[in-house]
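Here is how the chains run, residue by residue.
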Amino acid sequence: MILLLLGPPGSGKGTQAKKLSAEHGWPQLSTGDMLRSAIARGTSLGERAKTYMDQGALVPDEVVIGLIEERIKEKDCTQGFILDGFPRNVAQAEELDRMLGRQGRRLDQVVLFEISDPELIERLSGRRTCEKCSSMYHLLHSMPRQDQVCDQCHGRLLQRSDDQPDVIRRRLGVYHQQTEPLVGFYRGQKKLVSLDARVSPSAVAEALNQSLN
Ligand code: AMP
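Residues numbered from 1 in each chain as written. Predicted model: local features only at pLDDT ≥ 70, side-chain atom pairs only at ≥ 80, totals over all residues. Heavy atoms only, no water.

## Thoughts on the environment of arginine 198
Heads up, the rule is: Where helices and strands are cited, they refer to DSSP runs of H or I of at least four residues and of E of at least two residues respectively, numbered from the N terminus. What makes two residues a contact is simply this: any of their non-hydrogen atoms within 4.5 Å. Counting of polar contacts relies on pairs of N or O atoms within 3.5 Å, with two restrictions inside protein: one atom must be capable of donating a hydrogen and the other of accepting it, and residues adjacent in sequence are counted only when both atoms are side-chain atoms.
Here arginine 198 shows up in the loop between β8 (192-196) and α9 (201-212). Along the backbone, arginine 198 and valine 183 are 15 residues apart, and their C-alpha atoms lie at a distance of 18 Å. When sequence neighbours within four positions are dropped, the list of residues in contact with arginine 198 reads Glu114, Ile115, Glu119 and Arg123. Reaching out from arginine 198, the side chain makes a polar contact with the side chain of aspartate 196 at a distance of 2.9 Å.

## Topic: the site of the ligand
Test applied: Here a residue counts as near a molecule or strand whenever at least one of its heavy atoms sits within 4 Å of it. The method behind every accessible area is Shrake-Rupley, applied with a 1.4 Å probe, and residues are considered shielded solely by the protein chains displayed. For this classification, the nonpolar set comprises Ala, Val, Leu, Ile, Met, Phe, Trp, Tyr, Cys and Pro, the charged set comprises Asp, Glu, Lys and Arg, and every other residue, Gly included, is treated as polar.
Residues in contact with the ligand amount to 16 residues; listed here are only the nearest, Thr31, Arg36, Ala57, Gly85 and Gln92. Arginine 36 places a side-chain nitrogen or oxygen 2.9 Å from an oxygen atom of the ligand. Between the ligand and the protein, one listed contact pairs a nitrogen atom with a side-chain N or O atom of glutamine 92 at 3.0 Å. For the ligand, whose free accessible area comes to 480 Å², the fraction covered by protein is 96%. With 4 residues, helix α2 (residues 31-41) is the largest single contributor of residues to the shell around the ligand. Taken together, the residues that form the shell around the ligand break down as 7 nonpolar, 4 polar and 5 charged.

## So, the pairing of strand β1 (residues 2-6)
Formally: Type-normalised accessible area, obtained with a 1.4 Å probe on protein chains alone, sets the label of each residue: buried when under 20%, exposed when over 50%, and partly exposed for intermediate values. Paired strands, as defined in this entry, are two strands with at least two bridges between them according to DSSP.
Extensive coverage of β1 is indicated by the burial of 5 of its 5 residues. Two strands pair when backbone bridges link them, and β1 and strand β3 (residues 81-84) are joined in this way by 4 bridges, in the parallel orientation. Residue leucine 4 lies in a different strand from β3, and its bridge partner there is leucine 83. In the sheet, β1 pairs with strand β4 (residues 109-114) via 4 bridges, with the strands oriented parallel. Its bridge partner being in β4, leucine 4 is matched across the sheet by valine 110.

## Quick word on helix α8 (residues 181-188)
Filter applied, for reference: Note that the arc is computed from the directions linking the helix axis to the C-beta atoms.
All of the buried residues along α8 are Leu182, Val183, Phe185 and Tyr186. Down the axis of α8, the smallest arc covering the buried residues is 165 degrees, so these residues share one side. Away from its buried face, by an angle of more than 90 degrees, α8 presents the exposed residues Arg187 and Gly188. Residues of α8 that are buried sit in contact with β1, α5 (90-102), β4, α7 (165-179) and β8.

## Focus: the nonpolar core
The criterion, for reference: What makes a nonpolar core is a set of buried Ala, Val, Leu, Ile, Met, Phe, Trp, Tyr and Cys residues whose side-chain atoms join them at distances within 4.5 Å.
Counting 31 residues, the largest nonpolar core has Leu83, Leu107 and Tyr186 as its most contacted members. Those elements that provide at least two residues to this core are β1, α2, α3 (44-55), α4 (61-71), β3, α5, β4 and α8. Excluding residues that lie within four positions of it along the chain, tyrosine 186 makes contacts with Leu4, Pro87, Ala93, Leu96, Leu107, Val110, Lys191 and Leu192. In this structure, Leu20, Ile82, Ile168 and Leu195 belong to the second largest nonpolar core, which totals 18 residues.

## Remarks on the sheet that holds strand β5 (residues 127-130)
Here we have 3 strands laid out as an open sheet, ordered β6-β5-β7, and antiparallel in their pairing. Two strands in the sheet have a free side with no partner beyond their single neighbour: β6 (136-138) and β7 (157-158). The pairing of β5 with β7 spans 2 bridges and is antiparallel. Looking across to β7, one finds that cysteine 130 is bridged to leucine 157.

The analysis is restricted to geometry; functional conclusions fall outside its scope.
Here's what the structure looks like:
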C-alpha cells in the first residue's frame, strides 16, 4: 500500500502516520522530519533547507524530490509506505507519479484531512515535539506525564521554530496556495477520500482505517 496523507500543517497527519506505521509496518516518510534531521546533523542540505523552513516557505522541489527518491528505494519500502508532507505542490505530485512509474508502482490512495484555519492555529501554537523521536504533545489537550519530557523516550519536548504564530500563518497561506490544488489533482485521479480531522485522534484513526478498507 502506498498511501498519501494530505492536509494542512497541524491536521494530525504525522500522528496518524505513526499509528498506521506501527499497525501495518509501512514506514512513515515525512519530508519535514527528514529535513529537521538534516538540520540537526548540520548537513549542507539541512543548512540550505533551514532558511526556507524558518520562514514557513517550501524548500525547493529538487531537494525534497531527491530525498524521497532515495528513501523509497530502501528495502523497508518494498511492501509500501505512508507519505506525510510530500508532495506539497503539483510539480512534486507529478514527479512522484513519474518516480513510482519508473519502479512499476503507483500511489494507491490519498486521504485528505479536513480542518479549519482557526482550529489549526490553536493546535499548532500549543504543539510540542520530542527532539528525539518526534512524538507530538499539546499543552492543552495532550500533556506529557512529566513537564517537557517525552512519555515514549524521555527526550526533551521542544516547540518547533516554525510553530510560532506569524510563521504558522505563513505556512497556512502556503498550504492554501500551493498544496490545496492537489485536492483537485488527486480527485481527478479518483484516489481521494476525505475525513473530518477536527475529532479526537482515536476517532480520526477509526475513520482512516475505514477509508482504507
Ligand atoms: P512539516 O513538518 O511537514 O510541517 O514540514 C515543515 C517544513 O519543511 C515546511 O514548512 C517546509 O518548509 C518544509 N517541507 C516539508 N516537506 C516539504 C515538501 N514536500 N516540499 C517543500 N518543503 C517541505
